[in-house]
Amino acid sequence: MSEERWVWGVGLATLADDGTVLDTWFPSPSEGRIPLGYDPQMPPDELERLAVADARRAVTVEVVTVEADLDVAPASTADAYLRLHALSHRLVRPNELNLDGIFGHLPNVAWTTAGPMHPDALTRLRPFLARDGIQVQGLDKFPRLLDYVTPAGVRIADASRVRLGAYLSPGTTVMHEGFVNFNAGTLGQSMIEGRVSQGVVIGDGSDIGGGASIMGTLSGGGTHKVSVGARTLLGANAGIGISLGDDCIVEAGLYVTAGTKIVVADAPPRAEGGPQVVKGSELSGRDGLLYRRNSVTGAVEVVQRAGTGVTLNEALHA
């Protein structure tokens, strides 16, 4: 196994009163194995000073050192969090690490403005939290990206819309209605105003329009990893369940899935008469296509495009 297929880090684990590990924050995860000679019993002073209990949330905090083989499934909560950090720190790209069974290692957590706490403790301590001005932001297995990682060169308009484990390349803008799940993200400058589901990667220079939706493996139930190529536009309120290649456009409001019957509008008629019709799966990943709905017949059509696709506003993504 090569060193590049391992990651390691020293972090702070938050534990509930019953011993449940609620989260683990790794400030600076690294590629490779734990260095020879490193003593986990001598953690960095800056982390040791932060390893203090918080009675308001009924939690304790301890320093942990973890390494993970990225080709093997997660073995613990801290291991799972290390993998999510590796993605958001851009040490590994989406779909290039083993996340099998990760949900089983991530407890449901009450995320507050003071940090994570056990949901049972939230019920018990709610009056005291309110007295101290501590608010609950969510009840979920995954936290917000910006509570753990600040990706350089990225704009995120609403922190609640991007989960830890998202991979965002420099020049990416996630607008207020954009959403990026864990193990998903962008491989270059991109505009995200729609939903990027788990496992989905967006190519350089592409635009996911307002209200648009990209089907992930979690929602679709299949194994195909949907991807969007470079300089491609997914129009406002459009959606896809197939991959798009480079320089493609999906018309606003049009949803194209693997089973969608699509008329190849610029192809010659079939010998027996009538237009050529294919399923969306047959076009998955092809470059330079325009998907549209015929406003007269209502049929979904595809035509070959000439030239390159969309061009992003350079000043906006600088």
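Going by an unreviewed UniProt entry, the protein chain carries the name 2,3,4,5-tetrahydropyridine-2,6-dicarboxylate N-succinyltransferase and comes from Microbacterium salsuginis. Quoted verbatim from the Pathway (unreviewed entry) field of UniProt, the annotation for the protein chain is "Amino-acid biosynthesis; L-lysine biosynthesis via DAP pathway; LL-2,6-diaminopimelate from (S)-tetrahydrodipicolinate (succinylase route): step 1/3." UniProt, in the comment section headed Catalytic activity (unreviewed entry), describes the protein chain in these words: "(S)-2,3,4,5-tetrahydrodipicolinate + succinyl-CoA + H2O = (S)-2-succinylamino-6-oxoheptanedioate + CoA".

Draft legend 1. The sheet that holds strand β18 (residues 227-228), seen in detail. Spatially, the 4 strands line up as an open sheet ordered β9-β12-β15-β18, and their pairing is parallel. Across the chains shown, the open sheet's two edge strands, defined by having one partner strand only, are β9 (166-167) and β18. Direction of pairing for β9 relative to strand β12 (residues 184-186): parallel, over a ladder of 2 bridges. Along β12, the bridge assignment pairs A166 with A184.

Draft legend 2. Examining the layout of surface pockets more closely. One number sums up the size of the largest pocket: a volume of about 360 Å³. In terms of lining residues, the largest pocket is bounded by 21 residues, among which T14, D23, A114, G115 and P116 are the most central. If you list the elements that add at least two residues to the lining of the largest pocket, you get β1 (6-16), β2 (21-25), β5 (109-112) and β6 (115-117). Looking at the lining of the largest pocket residue by residue, the classes come out as 11 nonpolar, 5 polar and 5 charged.

Draft legend 3. Molecular detail of the nonpolar core. V180, I214, V250 and Y291 are the most contacted members of the largest nonpolar core, which has 65 residues in total. Those elements that place two or more of their residues in this core are β1, β4 (59-69), α2 (77-88), β5, β23 (261-264), β25 (289-293) and β26 (300-304). Among the elements that make up this core, the one with the highest residue count is α2 (7 residues).

Draft legend 4. Representation of the pairing of β26 in the model. Of all the 5 residues making up β26, 4 are buried; the element is thus mostly covered by neighbouring parts of the structure. The pairing of β23 with β26 spans 3 bridges and is parallel. Residue pairing in the sheet places V263 in a bridge with E301 of β26. Here 5 bridges tie β25 to β26, and the two strands are oriented antiparallel to one another. Bridge pairing links Y291 to V302 in β26. The antiparallel hairpin formed by β25 and β26 contains 6 residues in its connecting segment, where G298 sits at a positive phi of about 85°.

Draft legend 5. Local environment of the sheet that holds β25. The 10 strands are arranged β8-β10-β13-β16-β19-β21-β25-β26-β23-β24 in an open sheet whose pairing can be described as mixed. Only two strands of the sheet have a single partner each, and these edge strands are β8 (155-156) and β24 (277-279).

Draft legend 6. Spotlight on the pairing of β25. Pairing of strand β21 (residues 249-250) with β25, which is carried by 2 bridges, proceeds in the parallel orientation. For V250, the partnering residue across the bridge sits in β25 and is Y291.

Draft legend 7. Expanded view of unusual backbone geometry. Positive phi is not limited to glycine here, since R90 has a value of about 65°. Of note, R90 is situated in the loop between α2 and α3 (102-105). Backbone geometry at N95 places phi at a positive 70°, although glycine is not the residue there. Checked against the element boundaries, N95 lands in the loop between α2 and α3.

Draft legend 8. Just the pattern of salt bridges, in detail. On inspection of all chains with the given rule, the structure shows 10 salt bridges. R57 serves as the salt-bridge partner of D54, at 3.0 Å between the closest nitrogen and oxygen. This pair shows no difference in class: D54 is buried, exactly as R57 is. Put simply, R163 and D140 hold a salt bridge, and the shortest N to O gap is 2.8 Å. Of this pair, R163 sits in the loop between β8 and β9 while D140 sits in strand β7 (residues 136-140), and the two are 23 residues apart along the sequence. Salt bridges sharing partners connect three or more residues here, namely D54, R56 and R57.

Draft legend 9. Inspection of the UniProt feature "binding site: succinyl-CoA" (unreviewed entry) in the protein chain at higher detail. Per the UniProt record, "binding site: succinyl-CoA" (unreviewed entry) is annotated on R195, G210, S213, A236, E251, A252, G259, K279, R292, R293, N294 and S295. These annotated residues cover 101 residues of sequence, and their C-alpha atoms reach 26.0 Å apart at the extremes, leaving them scattered rather than at a single site. Residue position: A252 is located in the loop between β21 and β22 (255-256). Aside from chain neighbours lying at most four places away, what touches A252 is G235 and A236. Mapped onto the elements of the fold, R292 is located in strand β25. By relative accessible area, which is 28% here, R292 ends up partly exposed.

Draft legend 10. The arrangement of the packing of aromatic side chains in detail. Counting across every chain of the model gives 5 aromatic pairs. Here the aromatic rings of F142 and F182 are separated by 4.4 Å at their centres, their planes lie at 20°, and the arrangement is stacked. With F142 in the loop between β7 and β8 and F182 in the loop between β11 (179-180) and β12, this residue pair connects regions lying 40 residues apart in the sequence. Neither residue differs from the other here; F142 and F182 are each classed as buried. Looking at R33, its charged tip hangs above the ring of W6, at a distance of 3.6 Å from the centre.

Scoring rules and cut-offs
- Residues numbered from 1 in each chain as written.
- Predicted model: local features only at pLDDT ≥ 70, side-chain atom pairs only at ≥ 80, totals over all residues.
- Heavy atoms only, no water.
- UniProt positions renumbered as here; feature names shortened; annotations may be inferred.
- Pairing = 2+ DSSP bridges.
- Helix = DSSP H or I, 4+ residues; strand = E, 2+ residues; numbered from the N terminus.
- 1 Å grid on protein atoms, 1.4 Å probe; cavity = no way out; pocket = protein on both sides within 12 Å on 5 of 7 lines; lining within 4 Å.
- Points joined across faces, edges and corners; volume = space filled by probe spheres on them.
- Nonpolar A, V, L, I, M, F, W, Y, C, P; charged D, E, K, R; others polar.
- Core = buried A, V, L, I, M, F, W, Y, C linked by side-chain atoms within 4.5 Å.
- Buried < 20%, exposed > 50% of the residue type's maximum accessible area, 1.4 Å probe, protein only.
- Salt bridge = Lys/Arg side-chain N within 4 Å of Asp/Glu carboxyl O.
- Contact = heavy atoms within 4.5 Å.
- Phe/Tyr/Trp six-rings, centres within 6.5 Å; stacked < 30°, edge-to-face > 60°.
- Lys NZ or Arg CZ within 6 Å of the ring centre and 35° of its normal.

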